[in-house]
Amino acid sequence: MTTVFFQTSPELIRSVTLLIFLAVYLGIAVGHACFVRLDRTGIAMLGGIAMLATGCLSLPEAVRAVNMESILLLFSLMVIASQLHYSGLYQLLADRLARTLDRPALFLALLMGAAGLLSGVLNNDVICLAFTPVAADALVRRRLYPAPYLIGLALASNIGCALTLIGSAQNVVLGQLVALPFARYTAFAALPVLLSLGAAYGIVLVLGRIHRAAPAPDGPPPPPDETMPFNAWRATKGVGVLVILVVLFLATPLPRYLVALTAAGLLLCSRRLESRKVLALVDWQLMVLFIGLFVVVGAFISRGLGQDMVAVLTRHGVRLDHPAILTAVTAALSNLINNSAAVMLLANVVNPDDTVAAAVIAMANAFAGNLLLIGSLANVITAQAAAERNIQITFREFARYGIPVALASLLIMLGTLPLTMRLLN
């Protein structure tokens, strides 16, 4: 028996595990805890501590539950994205796109296309954080109503991040947990992602009436953020390392975490860019969130509660081995609780050898992030950056674009599944 503050029977431990699991997931769904100032990261971490303190999981079991390959891969990709930020590459690309603002429909197409494709090899949150301020300032200067463009940016980034297993933190974790093949997943995702980007562009173009210029919000615009000057050497080094990284992911069986960790280490070696600056942009909160969820879900699964949940769902006709049902469940959970928490749970209850189910979870989670403003962190980042410039993106306005785009993307995924699922086998 594991030494804890107290010892209990196996059945009581199962009950306590379930209560802690439900409390953690409820807190993550709400976004905060009652009476104490805990955010989602704090709730997940406290849940992991509670699992250890009550004996629901021993320390060795908790360590084994944390997939360190996922954590290291996620950390490495954040370092690469941070180095590219300090190269000024994001700012340069956004400035170049802004030059087409005299043709609003073209600007929207280029903005959404660039956001979608870059999110596939970098990260959708990073792209929205980098592009939103530059695009918003340029739109305000041109006296164009910016909300549809910025919403289109967020929608495209959520769709594009489904293209690869490094496009979002959720895909990184899912790819490691289920051992999805990088090249075959990308081949599987390419067609629905490209079709969904086209559908999203058409929906935003029609609903936003982009071809009609509209006055920007009243009031003087705030001063622009401090610009990041373009450094050709840093950009070349960062892009070169990223290209080599993706090629190795696609063409070799080398461990992805080790390849990415080596690449991040090389980029940290710089004569002028201090490593502490690069590491300061790493999202440590997100990694702690995942570590806490690994422990909480690990206890839930190890006590047999995951199997019990699948059995209950199956008895009620909810078969997670059916792609359409799994898509609906993933989309619902991603918006009801949190996309990271939803992926962590589903990845541990589906058949680990079912690559189609894992790919469906990855893509449905990304596409469903467009349903609501709170559906993904990229949406929140875009809305917050816009608010700093007196541009309000309301929950209702985002849903006006996001719901039809999300539904169209999910239908495209299911419609192309008979063709694309063959690429995974």
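Every value quoted in this text rests on a predicted model; they were computed, and no experiment measured them.

(A) Spatial organisation of the side chain of E397. Looking at where E397 falls in the secondary structure, it is placed in helix α20 (residues 395-420). Although E397 is buried, it makes no salt bridge; R400 carries the closest opposite charge, 5.6 Å away. For E397, the residues in contact, after removing those within four places along its chain, are Y145, A147, I151 and Q392.

(B) Structural detail: the packing of helix α8 (residues 147-160) against helix α19 (residues 377-387). The geometry of α8 relative to α19 is characterised by a closest axis approach of 9 Å and an angle of 160 degrees between their N-to-C directions. One finds that α8 runs roughly antiparallel with respect to α19. Note that α8 runs across α19; the crossing there is right-handed. Across the interface between the two elements, L150, A154, S157 and N158 from α8 touch A378, N379, T382 and A386 from α19. Among the residues making up the contact of α8 with α19, the classes are represented as 4 nonpolar, 4 polar and no charged.

(C) How the structure looks around the packing of aromatic side chains. Within the structure shown, the criterion is met by 6 aromatic pairs. Centre to centre, the rings of F75 and W284 are 5.8 Å apart; their planes meet at 35 degrees, and the pair counts as tilted. Highlighted residues: F75 in helix α4 (residues 68-86) and W284 in helix α14 (residues 284-302), separated in sequence by 209 residues. Owing to a relative accessible area of 44%, W284 belongs among the partly exposed residues under this scheme. Centre to centre, the rings of Y185 and F188 are 6.1 Å apart; their planes meet at 40 degrees, and the pair counts as tilted. Of the two residues, Y185 and F188 both sit in helix α10 (residues 182-208), 3 residues apart, roughly one turn of that helix. Among the aromatic side chains, those forming a connected cluster through ring pairs are F21, Y25 and F300. The side chain of R400 reaches across the aromatic face of Y401, ending 5.2 Å from its centre.

Criteria and thresholds
Residues numbered from 1 in each chain as written. Predicted model: local features only at pLDDT ≥ 70, side-chain atom pairs only at ≥ 80, totals over all residues. Heavy atoms only, no water. Helix = DSSP H or I, 4+ residues; strand = E, 2+ residues; numbered from the N terminus. Buried < 20%, exposed > 50% of the residue type's maximum accessible area, 1.4 Å probe, protein only. Lys, Arg positive; Asp, Glu negative; His and termini not counted. Salt bridge = Lys/Arg side-chain N within 4 Å of Asp/Glu carboxyl O. Contact = heavy atoms within 4.5 Å. Axes fitted to C-alpha atoms, helices over the stretch in contact; angles between N-to-C directions. Parallel < 35°, antiparallel > 145°, perpendicular 65-115°, else oblique. Left-handed = near helix turned anticlockwise from the far one by under 90°. Nonpolar A, V, L, I, M, F, W, Y, C, P; charged D, E, K, R; others polar. Phe/Tyr/Trp six-rings, centres within 6.5 Å; stacked < 30°, edge-to-face > 60°. Lys NZ or Arg CZ within 6 Å of the ring centre and 35° of its normal.

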